[in-house]
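The chain contents come next:
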Amino acid sequence: MPESYELSVNGKSCSVQAEGDTPLLYILRNDLKLKGARYGCGVGQCGACAVIMDGKDIFSCDTPLWAVAGKSITTVEGLGTRDKPHALQQAFIDEQAAQCGYCITGIIMAAKALLDRTAHPTDAEIDAALERHLCRCGTHNRIRRAIHRAAQALGEDQ
């Protein structure tokens, strides 16, 4: 039986009606029309659906709605805009780090969570943060460069 849940998504409060075991990904995409998080595997193994919950990157495809009630959710739509992209989004564009682009929003969210806790991560820290994210396009070196570029840009802003 559907229940009402209060969520905070990208700094805005919203209420949704759904079964408690509905994956957060379905709520974001279908109810809130936020299409940045993507359906990849549906079992938390590829990272295409990654979002940030209370500062930690999570896979929204295997996170039930009941687990996010009252938490702060950030999707890629909450980072920047087309006219004013977040430093990470701009760095990924500048480094041409996205090839097909399917996985890239999840990778950007994992990178955002990483940069929030480690201002200037090493290559090993980046690799560890992204180890659960699948990208078959082979742009891993460009992704690393983009994260380093974003870290530098964010450091200059402070």
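The structure we're discussing is the one just above.
The structure displayed is predicted, hence computed values, not measured ones.

**Student:** Please provide a residue-by-residue account of the pairing of strand 2 (residues 12-18), values included.
**Tutor:** By the bridge criterion, 7 bridges tie strand 1 (residues 3-9) to strand 2 in an arrangement that is antiparallel. Bridging from a neighbouring strand, Tyr5 pairs with Val16 of strand 2. With antiparallel pairing between neighbouring strands as the criterion, strand 1 and strand 2 make up a hairpin whose turn holds 2 residues, including Asn10 at a positive phi of roughly 55°.

**Student:** Any details on the layout of surface pockets? Residues and values, ideally.
**Tutor:** Counted as a void, the largest pocket has a volume near 200 Å³. Of all the secondary structure elements, the ones that give two or more residues to the lining of the largest pocket are strand 4 (56-59), helix 3 (104-117) and helix 4 (123-129). In terms of residue count, the dominant contributor to the lining of the largest pocket is strand 4 (4 residues). Of the residues that constitute the lining of the largest pocket, the class distribution is 5 nonpolar, 1 polar and 6 charged.

**Student:** Provide a residue-level description of the packing of helix 2 (residues 87-94) against helix 3, including the pertinent values.
**Tutor:** Relative orientation of the contacting elements helix 2 and helix 3 amounts to 125°, with a least axis distance of 10 Å. For the element pair helix 2 / helix 3, the angle class is oblique. Judged by the twist between their axes, the crossing of helix 2 over helix 3 is right-handed. Of the residues in helix 3, those touching helix 2 at Leu88, Gln89 and Phe92 are Ile104, Ile107, Ile108, Ala111, Lys112 and Leu115. Among the residues forming the contact of helix 2 with helix 3, the class breakdown is 7 nonpolar, 1 polar and 1 charged.

**Student:** A description of the sheet that holds strand 2 should follow, citing residues and the corresponding values.
**Tutor:** Sheets are built from strands paired through backbone hydrogen bonds, the pairs being either parallel or antiparallel. Across the sheet, 5 strands lie side by side as 2-1-5-3-4; this open sheet has mixed pairing. Since the sheet does not close on itself, it has two edges, and those belong to strand 2 and strand 4, each with one partner. Looking at each pair of strands side by side, their axes are set apart by 40° on average, direction ignored. Along the sheet, helix 1 (residues 24-31) contacts strand 1, strand 2, strand 3 (50-53), strand 4 and strand 5 (72-74); its crossing angle with strand 2, the most-contacted strand, is approximately 105°.

**Student:** I'd like a description of the nonpolar core, backed by residues and values.
**Tutor:** By size, the foremost hydrophobic cluster in this structure holds 48 residues, and its most contacted members are Leu7, Leu65, Leu88, Phe92, Ile107, Ile143 and Ile147. Ranked by residues supplied to this core, first place goes to helix 3 with 9 residues. Sequence-distant contacts of Leu7, that is, excluding residues within four places in its chain, are made with Lys12, Ser13, Cys14, Val16, Ile27, Leu65, Val68 and Ala69.

**Student:** Break down a nonpolar patch on the surface for me, citing the residues and quoting the values.
**Tutor:** Taken together, the side chains of Tyr26, Tyr39 and Tyr102 present a nonpolar region at the surface, about 310 Å² in accessible area. Of note, Tyr26 is situated in helix 1.

**Student:** Go over the environment of Gln96 with me, naming the residues and quoting the values.
**Tutor:** Within the element layout of this structure, Gln96 appears in the loop between helix 2 and helix 3. In the structure, Gln96 is positioned 20 residues away from Val76 in sequence and 17 Å away in space, judged by C-alpha atoms. Separated by 3.4 Å, the side chains of Gln96 and Arg142 make a polar contact.

**Student:** I'd love a proper account of helix 2, names of residues and values included.
**Tutor:** Along an α-helix, residues three or four apart share an orientation, since each turn contains 3.6 residues. Three or more residues of helix 2 are buried, namely Ala87, Leu88, Gln89, Ala91 and Phe92. The secondary structure elements touched by the buried residues of helix 2 are helix 3 and helix 5 (140-157). At the C-terminal side of helix 2, Gln96 shows a positive phi close to 50°.

Conventions we followed
- Per chain, the residues get numbers from 1 upward, laid out in the order the sequence is written.
- Per-residue local features of the predicted model are confined to residues with pLDDT of at least 70, and side-chain atom pairs are confined, for both listing and counting, to 80 or more; whole-chain, interface and lining totals are unaffected and use all residues.
- The side-chain numbers reported here are obtained from all heavy atoms of the structure, hydrogens and water having been left aside.
- Note on pairing: DSSP must find at least two bridges between two strands before they are called paired.
- Helix and strand assignments follow DSSP, with helices taken as H or I runs no shorter than four residues and strands as E runs no shorter than two, numbered in order from the N terminus.
- Space inside and on the surface of the protein is sampled on a 1 Å grid over the protein atoms alone, with a cavity defined as a set of points where a 1.4 Å probe fits but cannot get out and a pocket as an open set with protein on both sides within 12 Å along at least 5 of 7 lines; lining residues have an atom within 4 Å of a point.
- Grid points are joined across faces, edges and corners, and a volume is the space filled by probe spheres set on the points.
- Gly is put with the polar residues, along with every residue not named as nonpolar or charged; the nonpolar set is Ala, Val, Leu, Ile, Met, Phe, Trp, Tyr, Cys and Pro, and the charged set is Asp, Glu, Lys and Arg.
- Here the axes come from fitting lines to C-alpha atoms, over the contacting stretch only for helices, and the angles between their N-to-C directions go from 0 to 180 degrees.
- In what follows, roughly perpendicular refers to angles from 65 to 115 degrees, roughly parallel to angles under 35, roughly antiparallel to angles over 145, and oblique to any angle outside these ranges.
- The hand of a helix crossing depends on one turn: near helix anticlockwise from the far one by less than a right angle means left-handed, and clockwise means right-handed.
- For this analysis, residues touch if any pair of their heavy atoms sits within 4.5 Å.
- Think of a nonpolar core as a cluster: buried Ala, Val, Leu, Ile, Met, Phe, Trp, Tyr and Cys residues, connected wherever their side-chain atoms sit within 4.5 Å.
- Type-normalised accessible area, obtained with a 1.4 Å probe on protein chains alone, sets the label of each residue: buried when under 20%, exposed when over 50%, and partly exposed for intermediate values.
- A patch consists of residues exposed above 30% relative accessible area that lack any salt bridge, with like charges linked at up to 9 Å and nonpolar side chains (Val, Leu, Ile, Met, Phe, Trp, Tyr) linked at up to 5 Å.
- Using a 1.4 Å probe, the Shrake-Rupley method yields the accessible areas, and only the shown protein chains count as cover for residues.
- We count a salt bridge whenever a side-chain nitrogen from Lys or Arg sits within 4 Å of a carboxyl oxygen from Asp or Glu.
- Pairing of N or O atoms within 3.5 Å defines a polar contact, subject to two protein rules: one partner must be a possible hydrogen donor and the other a possible acceptor, and residues neighboring in sequence count only if both atoms are side-chain atoms.

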